[in-house]
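Per-entry structural report
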Amino acid sequence: MTAADPRPLTGEPVALDLLNTRWVADGERLDLFAGAAGLSRLEGLAIWLEAVGLADRFRADAPTLVHLLTAREVLARAVADPADEKARALVDAVLEHGRIRATLGPEGPGERAEFADPAWGPAWTAARDYLELLGSSPDRIRACAAESCVLHFHDVSRNGTRRWCSMAACGNRAKASRHYARTRER
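What you are looking at is a predicted structure, and each value in this text was computed from that prediction instead of being measured.

For any two helices packed against each other, one specifies the crossing angle of their axes together with the interaxial distance. In contact at an axis separation of 8 Å, helix α4 (residues 85-95) and helix α5 (residues 121-136) are set at 130 degrees when each is read in the N-to-C sense. If you check the angle between α4 and α5, you find them oblique. As for the relative orientation of α4 and α5, their crossing is left-handed in sense. For the pair formed by α4 and α5, the contact residues are V91, V94 and L95 on the first element and A123, W124, A127, R128 and L131 on the second.

Below, the structure is given as structure tokens:
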């Protein structure tokens, strides 16, 4: 059985969920893959694989973790600056480790991802998901507007104006801070 996921924001698309394996709590930077919440690195990997629905397809082992950490750095750079040519080349380098194979099954046409080395599977899946986000709604890939927050989200709000990773956390703190500032001015 996998331990509980200690991250404050989960359920984002795979690429952003991978970025959200690093977060800030009480002013301290935490990393799911580096011992956050007393977990080992591989326990953190197992939690993440379970959270994004990849646990039944890939192993939580050291090679998978190494490749996933590579993908996380590459995606963080690409999300921070989508125009960065080097970042795009690095995303392509991760994508070189897998491919999509067209299939025909009982339900009709389909696709299946294939990997020469299965340890690259989760990293490739996250990079591929980033491409899908870029293809559908690149302007809705957002970093939380809170200065102390490092989380990312895919804005699926109707009008596309979401600013916070969570209204319950960062959004509420921002509102409270603005309220405090207004009352101090009076």
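Spanning 16 residues, α5 covers 22 Å between terminal C-alpha atoms, matching the ideal 22 Å at 1.5 Å per step. Looking only at α5, the buried set comprises G121, P122, A123, W124, T125, A126, A127, D129, Y130 and L133.

Moving on, we get to the pattern of salt bridges. In this structure the tally under the stated criterion is 11 salt bridges. The shortest N-O distance in the salt bridge between D31 and R72 comes to 2.8 Å. Here D31 is found in strand β2 (residues 28-31), whereas its partner R72 is found in helix α3 (residues 62-80), with 41 residues between them in sequence. In terms of burial, D31 and R72 fall into one category: buried. Across the salt bridge formed by R128 and E132, the nearest N and O atoms sit 3.5 Å from each other. In this pair, R128 and E132 both sit in helix α5, four residues apart, roughly one turn of the helix. A residue is classified by how much of its surface remains accessible, and R128, at 28% relative accessible area, is partly exposed. Connected through salt bridges with shared partners, the residues R99, R101, R112 and E114 form a single ionic network.

With their axes 10 Å apart at the nearest point, helix α2 (residues 41-51) and α3 run at an angle of 70 degrees to one another. The angle between α2 and α3 falls in the class roughly perpendicular. Residue-level inspection shows R41, L42, L45 and W48 of α2 in contact with α3, the latter providing A62, T64, L65, L68 and L69. Considering only residue class, the contact of α2 with α3 consists of seven nonpolar, one polar and one charged.

Rules of the game
- Within any chain, residue numbers begin from 1 and follow the written order of that chain's sequence.
- Owing to the predicted nature of the model, reporting of local features is limited to residues with pLDDT of at least 70; listing and counting of side-chain atom pairs is limited to 80 or more, with chain, interface and lining totals taken over all residues.
- Side-chain measures were taken over the full set of non-hydrogen atoms in the model, leaving aside hydrogen atoms and water.
- Angles shown run from 0 to 180 degrees and are taken between the N-to-C directions of axes, each axis being a line fitted to C-alpha atoms and, for helices, limited to the stretch in contact.
- The helix and strand labels rest on DSSP assignments: H or I over at least four residues marks a helix, E over at least two residues marks a strand, and numbering proceeds from the N terminus.
- Any angle that is under 35 degrees is reported as roughly parallel, and any over 145 degrees as roughly antiparallel; angles of 65 to 115 degrees are reported as roughly perpendicular and all others as oblique.
- Left-handed describes a crossing in which the near helix is turned anticlockwise from the far one by less than a right angle; the clockwise case is right-handed.
- Every residue pair with non-hydrogen atoms within 4.5 Å of one another is taken to be in contact.
- Helix span, expected: 1.5 Å multiplied by one less than the number of residues in the helix.
- Residue exposure (1.4 Å probe, protein chains only): buried if accessible area is under 20% of the type maximum, exposed if over 50%, otherwise partly exposed.
- For this document, the term salt bridge refers to a Lys or Arg side-chain nitrogen within 4 Å of an Asp or Glu carboxyl oxygen.
- We call Asp, Glu, Lys and Arg charged. Ala, Val, Leu, Ile, Met, Phe, Trp, Tyr, Cys and Pro are nonpolar, and the rest, Gly among them, are polar.

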